[in-house]
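These are the residues of each chain, in order.
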Amino acid sequence: MTIELTNITKRFGAFAALDGVDLRIADGELLALLGPSGSGKTTLLRIIAGLDWPDGGDVSFDGENALARGAGERQVGFVFQHYALFRHMTVFENVAFGLRVKPRAIRKDEAGIRARVKELLDLVQLDWLADRYPTQLSGGQRQRIALARALATEPRILLLDEPFGALDAKVRKELRRWLRSLHEEINVTSVFVTHDQEDALEVANRVVVMDKGKIEQIGTPGEVYDYPATAFVHGFIGESVVLPVNVTEGRVWIGNQPLNIAAPNVGGPSKLYVRRHDMQVGSESIGLRGAVRHVRSFGAIQRADIAVCAGGNETVIEIDTPRDHALRTGETVELHPRRYRIFAD
Amino acid sequence: MSESAIAFDSGRVVVRSEPWLARVVIIGLTMLFLTVFVVLPLVIVFAQALTHGVVAYLAALAEPEALAAIKLTLAVAAISVGLNLVFGLIAAWAIAKFEFPGKTLLITLIDLPFSVSPVISGLVFVLLFGAQGYFGPWLQSHNIQILFAVPGIALATTFVTFPFVSRALIPLMQEQGTLEEEAALSLGASGLQTFFRVTLPNIKWGVLYGVLLCNARAMGEFGAVSVVSGHIRGETNTMPLLVEILYNEYQFVPAFAVASLLALLALITLIAKTILERHLDEGRQVRDH
């Protein structure tokens, strides 16, 4: 099912949670809403689910106005951040809930419900936990039961709020892979919210980067990582080295030192963004140099703090270089960005 | 290292041994106080009731006046507990699950019956429904009897016991939040289905706890009921009122016999309360898990 959001706004008091958001989600997509806390991503997800209502804008499912329908009538499966499993019900009854509350006319009989719950518990590979209570499960198990419960009523969209948020690193990795393969298996349009770039880049087909209630960039994981559209996206995704520069007369200046790199189409005070692993230490001079302040080595790389003079101020950047070129504290080195972006302030 | 460990250990011994005497004195004083002011009176109630033997005790309770008082007390308690169960649930639901202006004021108002003297609570109803009250003439012309009758007693009792159920539920429901209800709604449950299948099972021990305390107070209420009852023997005397009347007439065995029933109610309430608190604690631990 396709979801179309048009000019969605939502305020909480003076705070604009969503500030004119337009988004089209294609059928069968696995989409990530990525952003820091307060960026409006969870509010957007709740609006799609019908748990919150926008102050303005339209939500349509396959061209039909979804705002005319309540949460229960949208055929949306919602997986809550802390799962919100019914604590007084067994795993089986949790999964069966959506089937049991259907109007009598369209409700399955008891055998039908049992068969469907069994099918879902098999799908999430937890059929052996049917008689347990939520408190007797681990975090990863609860997450999968919450998913089974949301899928029981065959929703047309699956929405997940921070699906990996409360899990430790190892379980998180497993569950990411599992969620991807589950999506390939059932192929229902899915949207998940996360503040963790790895979650978004590893799992989603498409990533929506949000900040302060607005969409900053929409693209594949590769696109948002390699071609960040804004300074925010560059800074938020991947690890960046940021230097204050000035662009005048088609040249890039750091302090009063011109840099031998192509100037972008912007002018005035700007920021030079370089991925940490794209900043090389070498003999090739572009006019960017700094003093090594501190070096630490682990694995295949050494990480160095390098102080770069930018006019009167000094900016300390952290870069990774291969260990074969040993850096010494105190020496001055030439810095050479392999790839970079310049964004006006 | 070992030296400092020893010094630390001996330090602890000193700290532990000093308040030993203080502990004994404090615990002893508490026990003494409880014995004199709580246990002894309770024992005396039963002892007085049974001074002329079990037969006299049972005969006193079988008196028509006593039976009428017991019946009235049960009926009034049933009405006020029933009403407060419904009001309390609605009030707790409103406060715990919704944000609205005036919420703090509402929370304060719920506690009003606790902070006001029961006599005032009774007088309020006299002022409203009495012959000279606001609704008095209208009620008289329609031949509706509220004061000096069961409705008045039930109203006063309901007023006095209003906070119990909502007080027991508000913190519990606030702590549980609205996530499970939202989950139920998004799974297609209606409002009523959500209430009966999700909300109520989660607060059932809290509801029982509130009902229990509400009931104990409803049966034992004296002040407010005394003002509105009119003390018509065999008709508008509840058990606490009857105890006072009998005592004032020097009928000690019947007075204490009825009083012993109220004392028994208190003991049962206490035991049930302990059991319920254990369930509530377990629920809390489960949530913290």
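In this text the structure is predicted, and so the values were computed from the model without any measurement.

**Overview of the overall build of chain A**
Within chain A one finds eight helices and 20 strands. Expressed along its principal axes, the backbone C-alpha trace of chain A runs to roughly 80 × 45 × 35 Å. The buried share of chain A, taken over its 345 residues, is 51%. Here the analysis covers contacts within chain A between residues at least 6 apart in sequence; of these, 65% occur between residues at least 24 apart. Carbon and sulfur atoms form 48% of the exposed surface of chain A, whose accessible area is close to 15,400 Å². A gap of 3 Å separates the mean positions of the 43 positive and 45 negative side-chain charges of chain A.

**With respect to the interface of chain B and chain A**
Listed by partner, the interface residues are 19 residues for chain B and 22 residues for chain A. Interface of chain B and chain A: buried area, both sides summed, is about 1,900 Å²; carbon and sulfur atoms make up 60% of it. For the interface between chain B and chain A, the tally reads two salt bridges. With a shortest N-O distance of 3.4 Å, R87(A) and E180(B) are connected by a salt bridge. On the surface where chain B and chain A come into contact, there are seven residue pairs in polar contact (both at pLDDT 80 or more). Put simply, the parts of the chain that give the side of chain B that touches chain A at least two residues each are α11 (179-186), α12 (191-220) and α15 (252-288) of chain B. Ranked by residues supplied to the side of chain B that touches chain A, first place goes to α11(B) with seven residues. Residues that form the side of chain B that touches chain A fall into these classes: nine nonpolar, six polar and four charged.

**A look at the sheet that holds strand β12 (residues 251-254) of chain A**
Residues and elements named next belong to chain A. Taking strand neighbours across the sheet as the criterion, the five strands line up as β13-β12-β11-β14-β20 in an open arrangement whose pairing is antiparallel. Each having just a single partner strand, β13 (257-259) and β20 (341-344) make up the two edges of the open sheet. Across the sheet, the mean angle from the axis of one strand to that of its neighbour is 45°, orientation sign disregarded. Pairing geometry for strand β11 (residues 240-248) and β12, over three bridges, is antiparallel. Considered in β12, the bridge of N246 is made with W253.

**Some points on the confidence of the model for chain B**
Residue and element names in this part refer to chain B. Model confidence for chain B is summarised by a mean pLDDT of 87, while 91% of its residues fall at 70 or above. Residue range residues 1-11 is modelled with pLDDT below 50. Its contacts to residues more than four positions away, or to other chains, number zero contacts. Interface confidence for the predicted complex, given as ipTM, is 0.82, next to a pTM of 0.79.

**Observations concerning unusual backbone geometry**
Residue and element names in this part refer to chain A. Of note, Q75 is a non-glycine position whose phi angle comes to about 55°, a positive value. Counting through the fold element by element, Q75 comes out in the loop between β5 (64-65) and β6 (76-79). Residue class for Q75 comes out partly exposed when judged on its relative accessible area of 41%. Notably, K212 is not glycine yet its phi reads approximately 50°, a positive angle. Mapping K212 onto the fold places it in the loop between β9 (206-211) and β10 (214-219). Assessed through its relative accessible area of 64%, K212 is described here as exposed.

Basis of the calculations
- Residues numbered from 1 in each chain as written.
- Chains lettered and ligands numbered in written order.
- Predicted model: local features only at pLDDT ≥ 70, side-chain atom pairs only at ≥ 80, totals over all residues.
- Heavy atoms only, no water.
- Helix = DSSP H or I, 4+ residues; strand = E, 2+ residues; numbered from the N terminus.
- Buried < 20%, exposed > 50% of the residue type's maximum accessible area, 1.4 Å probe, protein only.
- Contact = heavy atoms within 4.5 Å.
- Areas by Shrake-Rupley, 256 points an atom, 1.4 Å probe, with all protein chains shown as cover.
- Lys, Arg positive; Asp, Glu negative; His and termini not counted.
- Charge placed at Lys NZ, Arg CZ, Asp CG, Glu CD.
- Buried area = accessible area lost by both parts, 1.4 Å probe.
- Salt bridge = Lys/Arg side-chain N within 4 Å of Asp/Glu carboxyl O.
- Polar contact = N/O pair within 3.5 Å; in protein donor to acceptor, adjacent residues only side chain to side chain.
- Nonpolar A, V, L, I, M, F, W, Y, C, P; charged D, E, K, R; others polar.
- Pairing = 2+ DSSP bridges.
- Axes fitted to C-alpha atoms, helices over the stretch in contact; angles between N-to-C directions.
- pLDDT = per-residue confidence, 0-100.

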